[in-house]
Amino acid sequence: FQEPEAHVYEQVLNGPWELNKYNLILTTEKLGHGQFGMVKKGYVKKDRDNRINVAVKSLKSTASEKDKTDFINELNILKKVGHHPNVVCLVGACHIQGTMYVAMEYAKNGDLRSYLRKIRKGKFHIYDNTSSITPVQNSVLLKFALDVASGLNHLVEKQIIHRDVAARNVLLDDNLIAKVADFGLSKHDDTYIKTSNTRVPVRWLAPESLFNATYTTQSDVWSFGILLWEIFSLGGTPYHGLETQQMCNLLKQGFRLRRPKKCEPAMYAMMLQCWNERPMSRPQFSELCLRLQRMVEDSQ
Ligand code: ADE
């Protein structure tokens with residue numbers, strides 16, 4: 001049996017990230033679906049009685065050339081990203097009978113958007129020390145924002161533009177630490193000009209990305225502002241009820257998303273700064289981290 005793509009896989013798999021295929025155990029438990037099909041739960045054996053949970057993405061040798069390129073792009077970005085507590089890290093990759101498997105850190109509490117919507121429905125009540133039920137504290141939401149900003153600041157240091165910053169692409173681990181995930185659209189670049197006609201997350205895009213197909217760290221800052229809005233609206237849909245064309249026209253005229261009900265003025269001010277028309281006038285992620293850190297401390 002000849003594995004058709006073995007030579008391609010070897011180019012990307014050789015080295016420290018290569019997993020011994022006998023150490024990867026796949027389950028049938030589905031964690032969601034990405035561009036390339038199902039993400040499934042798995043385990044990676046570390047030693048005789050140690051195994052860690054992983055989320056496994058797979059790519060069959062019958063996939064389209066475009067999917068293969070995108071899959072390998074994401075794997076290469078993950079290798080560059082390295083380790084950070086607020087990024088879903090690569091565990092390793094291998095190929096088994098023509099299918100490539102990429103094992104990522106497992107995040108038990110799923111994606112941030114779904115979690116926020118569960119909060120909105122009153123699924124979680126946090127007991128304070130008087131044992132009366134209080135709604136989810138502002139400090140929990142601020143901590144999510146700080147975690148994501150820290151993860152994105154790490155990407156800046158690695159010169160990676162994420163290009164798909166949104167609550168659906170943030171995952172929560174068992175300690176509710178938020179981690180940036182989904183590097184399918186990411187680029188290792190200072191400025192990326194999109195040339196092909198592929199689908200884009202329009203409601204999260206900065207004007208220069210929407211109208212000039214230009215992506216930089218500062219356009220990630222705009223998207224982070226939309227993510228802040230998602231957090232403080234507890235999983236709301238940005239520009240809900242507007243068609244793409246209407247949204248574009250309003251943005252051009254200078255309109256912005258309104259302040260969510262439970263959002264404090266200082267937080268809304270931060271969103272508006274992220275949505276500055278001029279990319280260079282938006283705050284940097286390093287500054288956002290410092291300010292969010294202070295807001296978290298003040299809220300506790
Ligand atoms: N769904 C997609 N990726 C995941 C991950 N890393 N952990 C848990 N669920 C996921």
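Rules and cut-offs
Residues numbered from 1 in each chain as written. Predicted model: local features only at pLDDT ≥ 70, side-chain atom pairs only at ≥ 80, totals over all residues. Heavy atoms only, no water. Helix = DSSP H or I, 4+ residues; strand = E, 2+ residues; numbered from the N terminus. Rg over C-alpha atoms; globule rule 2.2 N^0.38 Å. Buried < 20%, exposed > 50% of the residue type's maximum accessible area, 1.4 Å probe, protein only. Contact = heavy atoms within 4.5 Å. Areas by Shrake-Rupley, 256 points an atom, 1.4 Å probe, with all protein chains shown as cover. Lys, Arg positive; Asp, Glu negative; His and termini not counted. Charge placed at Lys NZ, Arg CZ, Asp CG, Glu CD. Near = heavy atom within 4 Å. Polar contact = N/O pair within 3.5 Å; in protein donor to acceptor, adjacent residues only side chain to side chain. Nonpolar A, V, L, I, M, F, W, Y, C, P; charged D, E, K, R; others polar. Arc of directions from axis to C-beta. Core = buried A, V, L, I, M, F, W, Y, C linked by side-chain atoms within 4.5 Å. Axes fitted to C-alpha atoms, helices over the stretch in contact; angles between N-to-C directions. Parallel < 35°, antiparallel > 145°, perpendicular 65-115°, else oblique. 1 Å grid on protein atoms, 1.4 Å probe; cavity = no way out; pocket = protein on both sides within 12 Å on 5 of 7 lines; lining within 4 Å. Points joined across faces, edges and corners; volume = space filled by probe spheres on them. Salt bridge = Lys/Arg side-chain N within 4 Å of Asp/Glu carboxyl O. UniProt positions renumbered as here; feature names shortened; annotations may be inferred.

As recorded in an unreviewed UniProt entry, the chain goes by Tyrosine-protein kinase receptor Tie-1 and comes from Mizuhopecten yessoensis.

Caption draft 1: Just the overall build of the chain, in detail. From N to C terminus, the chain includes nine helices and 13 strands. By the compact-globule yardstick of 19 Å for 300 residues, the chain fits well, its C-alpha radius of gyration being 20 Å. Counting only C-alpha atoms, the chain reaches 65 × 50 × 35 Å along its principal axes. By the burial criterion, 49% of the 300 residues in the chain qualify as buried. Nonlocal contacts in the chain, meaning residues at least 24 apart in sequence, comprise 65% of its contacts between residues at least 6 apart. Summed over all atoms, the accessible surface of the chain reaches about 15600 Å², with 49% contributed by carbon and sulfur. With 40 positive and 31 negative side-chain charges, the chain shows a spacing of 6 Å between the two charge centroids.

Caption draft 2: Seen up close, the site of the ligand. Near the ligand you find L31, V39, A55, V88, E105, Y106, A107 and L171, and these make up its full shell. Interatomic distance of 2.8 Å between a backbone N/O atom of E105 and a nitrogen atom of the ligand. The contact in question runs from a nitrogen atom of the ligand to an N or O atom on the backbone of A107, over 2.8 Å. In isolation the ligand offers 260 Å² of accessible surface; the protein chains occlude 85% of this area. Of the residues contributing to the shell around the ligand, the split by class is seven nonpolar, no polar and one charged.

Caption draft 3: Region of interest: helix α8 (residues 265-274). By the burial criterion, the buried members of α8 are M267, Y268, M270, M271 and C274. Taken down its axis, α8 places every buried residue within 150° of arc, on the same side. Where α8 is buried, its residues touch α4 (138-157), α6 (217-232) and α9 (285-299).

Caption draft 4: View of the nonpolar core. Ranked by internal contacts, the top residues of the largest apolar core, which has 68 residues, are F144, F224, I231, M267, M271, W275 and L292. Discounting residues that sit within four places of it in the chain, I231 has contacts with L112, L116, L141, F144 and A145. Grouped together as the second largest cluster of nonpolar side chains are nine residues, V91, C94, Y101 and A103 included.

Caption draft 5: The arrangement of the packing of α8 against α9 in detail. Orientation of α8 relative to α9, taken along the N-to-C sense of each, is 170°, at an axis distance of 12 Å. What the angle tells us is that α8 and α9 run roughly antiparallel. Residues A266, M267, M270, Q273 and C274 of α8 form the contact with α9, whose own contacting residues are L288, R291, L292 and M295.

Caption draft 6: Fine view of empty space enclosed by the protein. By the definition in use, this model includes one cavity of 30 Å³ or more. One number sums up the size of the largest cavity: a volume of about 40 Å³. The wall of the largest cavity is formed by K57, F71, E74, L75, L78, V102 and M104. Looking at the lining of the largest cavity, the elements with two or more residues in it are α2 (65-81) and β5 (99-105).

Caption draft 7: Focus on the environment of D147. The residue D147 is located in helix α4 in this model. Excluding residues that lie within four positions of it along the chain, D147 makes contacts with N86, L176, I177 and A178.

Caption draft 8: Representation of the pattern of salt bridges in the model. A complete count under the given rule lists ten salt bridges for this structure. The partner of D70 in a salt bridge is K66, and the shortest N-O contact between them spans 2.6 Å. With D70 and K66 both in helix α2, this residue pair falls four residues apart, about one helical turn. Across the pair K143 and D147 runs a salt bridge, and its minimum N-O distance is 3.0 Å. Note that K143 and D147 are positioned in helix α4 at a spacing of four residues, about one turn of the helix. For K143, a relative accessible area of 30% gives the class partly exposed. Residue D147 is classed as buried on the basis of its relative accessible area of 5%.

Caption draft 9: The arrangement of the UniProt feature "binding site: ATP" (unreviewed entry) in the chain in detail. When the UniProt feature table is mapped onto this chain, "binding site: ATP" (unreviewed entry) is found at K57. Counting through the fold element by element, K57 comes out in strand β3 (residues 50-59). Not counting chain neighbours up to four residues away, the residues in contact with K57 comprise V39, F71, E74, M100, Y101, V102 and D182. Side chain to side chain, K57 and E74 meet in a polar contact 3.1 Å long.

Caption draft 10: Seen up close, the environment of K60. Mapped onto the elements, K60 comes out in the loop between β3 and α2. Sequence spacing of K60 and G37 is 23 residues, and the spatial spacing of their C-alpha atoms is 9.6 Å.

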